[in-house]
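Fold and contact review
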Amino acid sequence: MKPVIVGISGASGSLIARQTVDALLDRRIPTIVVCSNYAKLVWQEEMDETFSARLSVWRETPHFTYHGAQEMAAPIASGTFPTSGMVIAPCSMSSAASLAHGVANNLLLRAADVCLKERRNLVLVPRETPLHAIHLENLARLARMGAVIMPPDPPFYLKPEGIEDIVAFFVDRILVSLGVEESLPERSQYGGRPPT
Ligand SMILES: Cc1cc2nc3c(=O)[nH]c(=O)nc-3n(C[C@H](O)[C@H](O)[C@H](O)COP(=O)(O)O)c2cc1C
């Protein structure tokens, strides 16, 4: 399978990034991670391990590649490098704004811009609340370009027991959206109960 790119930007929700990368690596899918500088700062605030400690764990798996945001000469900066798409999880409003306006001045943005121009899967997990009109307009522009806008809303109808449950469900949805999984697993379905 062609690699999947996971962009991690500096919005809250580092756990979503970690679980997404773990899920891809568990499936032995070639996974290329690119992380913004602010994402590392947020990770430090939110996680019980440093980003570099997590990188060391990921690097032990053969399907994993990492690039810093300044590595603009990395293969994923070019449309000729084949990938099956990209998720930015979480996606900051700043990265969404840049992307919506064709600004690609770091590798994360460039890789996402390549997905847009090559018409590849691009899933964005925007995390901000409340959203003002500029945020909404930027996200709408990106949706019109074909990006899937997937805010990390809790599945209240599944009665999640905690953040782990919510993130697990959400990562399942990302994998389906990226085409890595065909459908949601049992635990992520409605169980016959329609969402309210
Ligand atoms: C602890 C922390 C949490 C943040 N949470 C968010 C957030 O949820 N959403 C957001 O859009 N920006 C958030 N920010 C601000 C972004 O990090 C900031 O706009 C940064 O410029 C984003 O850059 P990047 O998109 O290159 O990562 C947060 C910053 C910090 C330090």
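Residues numbered from 1 in each chain as written. Predicted model: local features only at pLDDT ≥ 70, side-chain atom pairs only at ≥ 80, totals over all residues.

**Here's the deal with the overall build of the protein chain**
- When you go through the protein chain residue by residue, the secondary structure sums to 7 helices and 6 strands.
- Here the C-alpha atoms of the protein chain give a radius of gyration of 16 Å, agreeing with the 16 Å that 2.2 N^0.38 yields for 196 residues.
- Each principal axis of the C-alpha distribution contributes one length, and for the protein chain these read about 50 × 40 × 35 Å.
- When each of the 196 residues of the protein chain is scored for burial, the buried share is 36%.
- Put simply, 78% of the contacts in the protein chain that link residues at least 6 apart link residues at least 24 apart. (Helix = DSSP H or I, 4+ residues; strand = E, 2+ residues; numbered from the N terminus. Rg over C-alpha atoms; globule rule 2.2 N^0.38 Å. Buried ≥ 20, exposed ≤ 12 C-beta atoms within 10 Å, placed from the backbone. Contact = placed C-beta atoms within 7 Å.)

**Observations concerning the sheet that holds strand S2 (residues 31-35)**
- Within the open sheet, the 6 strands sit side by side as S3-S2-S1-S4-S5-S6. Their pairing is parallel. Pairing within the sheet leaves two strands with one partner each, and these edge strands are strand S3 (64-68) and strand S6 (148-149).
- Relative to strand S4 (residues 85-91), helix H1 (residues 14-26) is tilted by about 150°, and along the sheet it contacts strand S1 (4-8), S2, S3, S4 and strand S5 (121-126). (Pairing = 2+ DSSP bridges. Axes fitted to C-alpha atoms, helices over the stretch in contact; angles between N-to-C directions.)

**Regarding the packing of H1 against helix H7 (residues 163-178)**
- In the contact formed by H1 and H7, the axes pass within 9 Å of each other and the chain directions differ by 55°. As far as their axial angle goes, H7 and H1 are oblique. Regarding H1 and H7, the two cross each other, and that crossing is right-handed. Here Leu15, Ile16, Gln19, Thr20 and Ala23 of H1 come into contact with H7, specifically with Ile163, Val167, Ala168, Phe170, Val171, Ile174 and Leu175.
- Split by residue class, the contact of H1 with H7 holds 10 nonpolar, 2 polar and no charged. (Parallel < 35°, antiparallel > 145°, perpendicular 65-115°, else oblique. Left-handed = near helix turned anticlockwise from the far one by under 90°. Nonpolar A, V, L, I, M, F, W, Y, C, P; charged D, E, K, R; others polar.)

**Examining the site of the ligand**
- Neighbouring residues of the ligand: 16 residues in total, closest Gly10, Ala11, Ser12, Ser36 and Ser95.
- Listing elements by their share of the shell around the ligand, those giving two or more residues are helix H2 (37-46) and helix H4 (93-100).
- Looking at the shell around the ligand element by element, the count peaks at 5 residues for H2. (Near = placed C-beta within 6 Å.)

**Looking at unusual backbone geometry**
- A cis amide bond links Ala89 with the next residue in sequence, Pro90, at an omega value of -10°.
- Although it is not a glycine, Arg28 adopts a positive phi angle of roughly 60°.
- Note that Arg28 resides in the loop between H1 and S2.
- Notably, Lys159 is not glycine yet its phi reads approximately 50°, a positive angle.
- Examined against the element boundaries, Lys159 turns out to sit in the loop between S6 and H7.

**Concerning H2**
- Within the span of H2, buried status applies to Ala39, Val42 and Trp43. Projected down its long axis, H2 shows its buried positions confined to an angular sector of 105°, all on one face. Away from its buried face, by an angle of more than 90 degrees, H2 presents the exposed residues Asn37, Leu41, Gln44 and Glu45.
- Residues of H2 that are buried make contact with S1, H1, S2 and helix H3 (51-59). (Arc of directions from axis to C-beta.)

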